[in-house]
Amino acid sequence: MRKITLIFSILMVSFLNAQTLQDSITFDPQKQLNAAQRLLSGNYGKAVTVGAYGETTYNQPEGMNGELDIQRLVLLFGYKFDDRTQFVTELELEHTVEIFVEQAFVNYAVAPNVSLRGGLMLVPMGIINEFHEPTTFNGVERPAVDAAIIPTTWREIGVGVTGRFNELSLGYQAYIFNGFKSTEADGQGGISGFLGGSNGLRGGRQKAIQSTIDSPTLSAKFDYYGIPGLRLGLAGYFGKTQAADDIEEIDGANIGISMLGLDARYAYQRFTARGQFVYASLSDTAEYNAATGRDLGSALQGWYLEGAYNLLPQDNQQRLFAFVRYEQYDTHAKTEGGLPQNDAYNRNDITTGLSYHIAPGVVLKGDYQFRDNALSEPDVSNRLNFGIGVWF
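Would you mind showing me how to read the overall build of the chain here?
From N to C terminus, the chain includes four helices and 19 strands. Relative to a compact globule of 392 residues, whose C-alpha radius of gyration would be 21 Å, the chain shows 21 Å and is just as compact. Its C-alpha atoms put the chain at 65 × 55 × 40 Å along the principal axes. Taking as baseline every contact in the chain between residues at least 6 positions apart, the subset at least 24 positions apart corresponds to 62%.

What's the story with a negative patch on the surface in this structure? I'm lost.
Negative charge collects at one region of the surface, where Asp251, Asp284, Glu287 and Glu336 lie side by side. On the secondary structure map, Glu287 appears in helix H4 (residues 285-292).

Any chance you could explain the nonpolar core here in plain terms?
In a soluble, globular protein the nonpolar side chains are often hidden away together inside. Within the largest apolar cluster, 40 residues are counted, with the highest numbers of intra-cluster contacts made by Trp154, Leu201, Tyr237, Ile255, Met259 and Leu282. Elements supplying a minimum of two residues to this core: helix H2 (35-41), strand E2 (67-80), helix H3 (145-148), strand E7 (170-177), strand E11 (230-240), strand E13 (256-268), strand E14 (271-283) and strand E15 (299-310). Looking at which element gives the most residues to this core, the answer is H2, with four residues. Setting aside residues up to four positions removed in sequence, Leu282 forms contacts with Leu201, Ile255, Gly256, Ile257, Leu296, Gly297, Ser298, Leu300 and Glu336. The next biggest cluster of nonpolar side chains, apart from the first, holds five residues, and it includes Ala243, Ala244, Ile247 and Ala253.

Is there a simple way to think about a nonpolar patch on the surface in this case?
A cluster of nonpolar residues, Val48, Val50, Ile70, Leu73, Leu75, Phe77, Tyr79, Phe81, Leu91 and Val101, forms a patch on the protein surface that exposes about 820 Å² of accessible area. Elements supplying a minimum of two residues to the nonpolar patch: strand E1 (48-61) and E2. Mapped onto the elements of the fold, Phe81 is located in the loop between E2 and strand E3 (85-94). Using a relative accessible area of 52% as the deciding quantity, one classes Phe81 as exposed.

Analysis parameters
Once a new chain begins, its residue numbering starts again from 1 and follows that chain's sequence as written. Restriction of local features to residues with pLDDT of at least 70 applies here, the model being predicted, together with a cutoff of 80 or more for giving and counting side-chain atom pairs; totals for whole chains, interfaces and linings are based on all residues. The basis for every side-chain value is the complete set of non-hydrogen atoms in the structure, without hydrogens or water. Numbering of helices and strands runs from the N terminus; a helix is a DSSP stretch of H or I covering at least four residues, while a strand is a stretch of E covering at least two. Each radius of gyration reported is based on C-alpha atoms, and the globular scaling rule is 2.2 Å times the count of residues to the power 0.38. The criterion used for residue contact is that any of the two residues' heavy atoms lie within 4.5 Å. Patch criteria: residues need more than 30% relative accessible area and no salt bridge. Like-charged residues are merged within 9 Å; nonpolar side chains of Val, Leu, Ile, Met, Phe, Trp and Tyr are merged within 5 Å. Values of accessible area rely on a 1.4 Å probe in the Shrake-Rupley scheme; residue burial ignores everything except the protein chains shown. We define a salt bridge as a side-chain nitrogen of Lys or Arg found within 4 Å of a carboxyl oxygen belonging to Asp or Glu. His is not counted, nor are the chain ends, whereas Lys and Arg count as positive and Asp and Glu as negative. By convention, the point assigned to a charge is CZ for Arg, NZ for Lys, CD for Glu and CG for Asp. By nonpolar core we mean a set of buried residues, namely Ala, Val, Leu, Ile, Met, Phe, Trp, Tyr and Cys, connected to one another through side-chain atoms within 4.5 Å. Each residue's exposure class comes from its accessible area (1.4 Å probe, protein chains only) as a fraction of the maximum for that residue type: buried when under 20%, exposed when over 50%, partly exposed otherwise.

This is the structure we're talking about:
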């Protein structure tokens, strides 16, 4: 409780200080674009557009060896067939050894504010899953809520529609997607599972790699931008997981998922803030755990609040944000079938540090993370992080 009180005190002081300044807003969440949106809006008559973003990181847990890593390098390509039809793709190299297709979809504008899309796309849930380029968020590592609860980077193959109602200051997205893979035959007459207690749904991401499909899932999000400097999001994801076709009728092969997310981003003068809350209710987890021997919870929950303040004058091209973020996330918020709740999965992180934007598209980051869980286990280490991020 003392940690939470400290975080809210820091946020309030930062906000009150920002109110006394007369600088203009240097970051507007209403105008922020991710890599795909920039490619779609930035062709300017050109047929081919190219971009990239990447991160190099150094993580130093207390009492352990540090790790240096090129976490990811993502190459962006866009092609404009005509004024209505475009193609966008992202090729991701993780840790210099793995290659994935992160996005690959066709966008067809049926009207000025309505587009149809089909292909491999990001699931619109939370902030980071859509806006994860390193210059768009504070902290060397993405928020843990967006790893354990929203399994960023979460993308699947699907079709849908996106657009906006300008008179209502409301943007919308709605898609039918392929879902998480939950189980497959283990070759010994049983089934093995991909979902578990510590990382929730993360192990079930199919990433368009010969994805199996049993039943479609529905994903939708609404974004409100009618108040200057503020953007609010409401997202939902509903459906069932996917099992291999030879075991899909086995009791416990699939589970049901209902996920809701709220997020907010705000900017006033040199002060910025963001936060989100995500709750996922999972059905049939008792049968799933009995069939697979896993410890999947029946509810996942997480939230965070973050405040940041630019220490440099607003007329300076460079920006230096001091920030603090508090997050709480629990992948055993509820359990079924007599499975005890594991307090090691009920976690809290406090991250504080600096983000130094030395030029548009280049950021140097440093932060320290205070990490613990309800058990305060010794293997949960505080961590010092440094990173370099680029995006163009």
